[in-house]
Amino acid sequence: MKSCVKLFWLTIFTSLILNLSLNLMFASPALAQYFTITKYHSDITIQNDSSFTVRETIDVKFHRSRHGIYREIPFKYRDEFGKTITTPTTILSVTDGSGKSWTYQAKKTGSIINIRIGDSKRFVSGNQTYVITYEVENAILFLNDHDELYWNVTGNYWKADIVNASADVSLATKEKSKNLWAAGFTGTFGSKASECEHEAYDNRGKFITRKSLAPGEGLTLAFGWDKGLVSPPPSWKKFLWRINLQENWVFLFPIASFLFMLNLWYRKGRDPRVREAVTVTYEPPRIENRSLTPAEVGTLLDEKLDPRDITSTIVGLAVKGYIQIEEVKKEGLVFDRSDYYLKKVKEPDEALSSFETELMSRLFSFAPSRLSVSSLKNKFYKDLKPLKKTLYGELVKNKYFLINPEKVRNLYFLTGFLIIVFGGFVLAFLFPFSMWKGFIASGLTGLPILLFGRHMPAKTKAGALAYMAILGFQEFMNRAEKDRLERMGDKDLFSKFLPYAIALDVADNWAEAFEGIYQEPPDWYVSPGGFRTFSPYAFSHSISSVSSSLGSAMFSAPRGSGGGGGCMCVVPTAGCCKILECCCCNELVVLVV
């Protein structure tokens, strides 16, 4: 008895599984969609400007209650040459047979416009009519001997039978075409079958299928007419279609960003014009009762505190008699190497600028009277930020800048960085189907801010005048003539202006101009071999070595401080990124960690 019961339930279970499998294998797509399209008719009206209006009337018989239907209309095609053609399509209305509007949502997904027709809170059943009206552009083919509309009437996306499919095409032109061409195709995508009747007359074409269309099959028509009746779209329209602003509107942000920054730089980032041409000057600009320091001259030139601005100031302090530079030879395995010592000769006084006083104070905080340049390595970098603050503050105080130029650059850098990072997520959220476009657009939007931001610090009128005077002084040192130097009759002229030559990067030319002109050996530089015969040009190489050693030691930072390669000196953290400040170029750098 028990074995019979088990056999009975096993038989029932096997039958259910087999029945379910057969249903899944052979279920009609029409049943899967719970409806059949009893009639599918399309009225197509072609306008003079080559656009056309499509009015689709779809009669549907629902086998079960559903919310509605989907209609999928392609708006991108790939032609036989592999070129992508976009046909801008605008949905005008979706109504029933009496003209009453259906609730619908149209959304682009890839190359398809998906029209979801129906109310999610309301079911429909039985016979329903859906009338979809839309306008299409850029779909007419302008061939050599005639113009043609090649159009997939029903599409091949229906998972339901279409009992009857037909289409009427008409040319809304005043003139009649002497010749008309018509052809119809049925079946799956790419099929050349022609189970379709068609005729063309009086600027019209009629197409109707001979038999019903199975799921995945469709009706495609070809309707041609004489050239000249329909105008091709103008070039500007083709351009707009090509860039496809409707899909690529996010790329308007980079253009707007560039134009905005260009306008902002033109209005606020340029220095005021004070002089048409550079006039040669024979000394550095002065402020009140002193000359500008080499660091101030170098910073006014490029609006940044560079390594050579600081090293030239140290040489300048030596020239003024506040420190002494001593070269010491140290034996090596193969070659001797030089190290340099800075010796304090006297304390800073009122004759020095705030920056020079601050620099001396911080240098000799490591050793009160004498220190080696090599001892500054991986230590002095911590003093660079307050030194920059002092120098920029002095330039603002003297009204050469209204705002600290470094703060201006950093403001634009941070703005551009935030737009690139957070703007990408915002645009990706607004553009969910092409997130990569949002991130690319945000990157391109922030880029003009980063690039223009480097040039946004602007001088005042006083700063612009000083800048022009610096260019004139640079021109003098760069092109100094021997007879002019001799007439100046200053035996310390070379040393006097050497710090400025270093800051303005013309030290070699300045030294070469003094060949054959007697100059006093500098007492502020102690060389192991002394100066038997002083040569400014040979001495400039020694100073170049001093400057290189100073710059390398003062701007080096241990790797643990955030400076890969010993360049970064400030390491504030921002979320998943570190924003580092380069000691050499004063630029902020983002490191993703």
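See above for the structure.
Definitions and limits used
Residues numbered from 1 in each chain as written. Predicted model: local features only at pLDDT ≥ 70, side-chain atom pairs only at ≥ 80, totals over all residues. Heavy atoms only, no water. Patch = residues over 30% accessible without salt bridge, like charges linked within 9 Å, V, L, I, M, F, W, Y side chains within 5 Å. Areas by Shrake-Rupley, 256 points an atom, 1.4 Å probe, with all protein chains shown as cover. Salt bridge = Lys/Arg side-chain N within 4 Å of Asp/Glu carboxyl O. Lys, Arg positive; Asp, Glu negative; His and termini not counted. Charge placed at Lys NZ, Arg CZ, Asp CG, Glu CD. Helix = DSSP H or I, 4+ residues; strand = E, 2+ residues; numbered from the N terminus. Buried < 20%, exposed > 50% of the residue type's maximum accessible area, 1.4 Å probe, protein only. Pairing = 2+ DSSP bridges. Contact = heavy atoms within 4.5 Å. Axes fitted to C-alpha atoms, helices over the stretch in contact; angles between N-to-C directions. Polar contact = N/O pair within 3.5 Å; in protein donor to acceptor, adjacent residues only side chain to side chain. Parallel < 35°, antiparallel > 145°, perpendicular 65-115°, else oblique. Left-handed = near helix turned anticlockwise from the far one by under 90°. Nonpolar A, V, L, I, M, F, W, Y, C, P; charged D, E, K, R; others polar.

Colleague: Is there a simple way to explain a negative patch on the surface in this structure?
Modeller: Residues Asp505, Asp508, Glu512 and Glu515 make up a contiguous surface patch of negative charge. One can find Glu512 in helix α15 (residues 507–512). Glu512 sits in the partly exposed class, given a relative accessible area of 47%.

Colleague: Would you explain the sheet that holds strand β19 (residues 323–330) in this entry?
Modeller: Neighbouring strands of a sheet are bound in pairs by backbone hydrogen bonds; such pairs are parallel or else antiparallel. As summarised here, the arrangement of the four strands in space is β21-β20-β19-β22, forming an open sheet in which the pairing is mixed. Strand pairing shows two members of the sheet lacking a second neighbour, β21 (370–372) and β22 (525–526), which therefore form its edges. Bridging between strand β20 (residues 337–344) and β21 involves three bridges; their strand directions are antiparallel. From the neighbouring strand, Tyr341 faces β21, where its bridge partner is Ser372. Strand contacts of helix α7 (residues 307–319): β19 and β20, with the helix running at about 110° to β19, the strand carrying the most contacts.

Colleague: Would you mind going over the side chain of Glu394 with me for this structure?
Modeller: Tracing the chain through its elements places Glu394 in helix α9 (residues 384–397). The buried category is assigned to Glu394, whose relative accessible area is 8%. A polar side-chain atom of Glu394 sits 3.2 Å from the main-chain amide nitrogen of Ser354.

Colleague: I would appreciate a short explanation of the side chain of Glu406 in the present structure.
Modeller: Along the chain, Glu406 falls in helix α10 (residues 405–430). Among the residues examined, Glu406 registers a relative accessible area of 8% and is labelled buried. A polar atom in the side chain of Glu406 sits 3.3 Å from the side chain of Lys388.

Colleague: Could you clarify how one ought to interpret the packing of helix α12 (residues 461–478) against helix α14 (residues 493–503) in this entry?
Modeller: Angle between the axes and distance between the axes are the two parameters that describe a pair of packed helices. With their axes 11 Å apart at the nearest point, α12 and α14 run at an angle of 110° to one another. Our classification of the angle between α12 and α14 gives roughly perpendicular. For the element pair α12 and α14, the recorded crossing hand is left-handed. Of the residues in α14, those in contact with Phe473, Phe476 and Met477 of α12 are Phe497, Tyr500 and Ala501. Taken together, the residues of the contact of α12 with α14 break down into six nonpolar, no polar and no charged.

Colleague: Whenever I open this one, the packing of α14 against helix α16 (residues 536–554) confuses me. Can you help?
Modeller: Two elements in contact, α14 and α16, have axes separated by 12 Å at closest approach and are oriented at 45°. Classified by the angle between their axes, α14 and α16 sit oblique to one another. Crossing handedness for the pair α14 and α16: right-handed. Here Phe494, Leu498 and Ile502 of α14 come into contact with α16, specifically with Pro536, Phe539, Ile543 and Ser547. Among the residues making up the contact of α14 with α16, the classes are represented as six nonpolar, one polar and no charged.

Colleague: Hey, could you run me through the pattern of salt bridges in this one?
Modeller: Between side chains of opposite charge, pairing is possible as soon as their charged atoms come close. On inspection of all chains with the given rule, the structure shows 19 salt bridges. Note that Asp147 is salt-bridged to Lys227, the shortest N-O span being 2.8 Å. Highlighted residues: Asp147 in strand β11 (residues 147–152) and Lys227 in the loop between β16 (218–225) and α3 (235–243), separated in sequence by 80 residues. Residue Lys227 is classed as partly exposed on the basis of its relative accessible area, which comes to 40%. Two residues, Glu347 and Lys344, come together in a salt bridge whose shortest N-O distance is 3.2 Å. Overall, Glu347 belongs to the exposed group, its relative accessible area being 52%. For Lys344, a relative accessible area of 22% corresponds to the partly exposed category. Here the salt bridges do not stand alone but share partners, grouping Asp271, Glu303 and Lys459 into one network.

Colleague: Is there a simple way to think about the pairing of strand β1 (residues 35–46) in this case?
Modeller: Every other side chain in a regular strand lies on the same face of the sheet, so the side chains alternate between the two faces. Relative to strand β2 (residues 52–66), β1 runs antiparallel, the two sharing eleven bridges. Pairing of Asp43 across the sheet is with Arg55, part of β2. In sequence, β1 turns back onto β2 through a hairpin of five residues, with Ser50 there showing a positive phi of about 80°. Alignment of β1 against strand β12 (residues 165–171), held across seven bridges, turns out to be parallel. For Ile46, the partnering residue across the bridge sits in β12 and is Leu171.

Shape is all these values report; function is a separate question.
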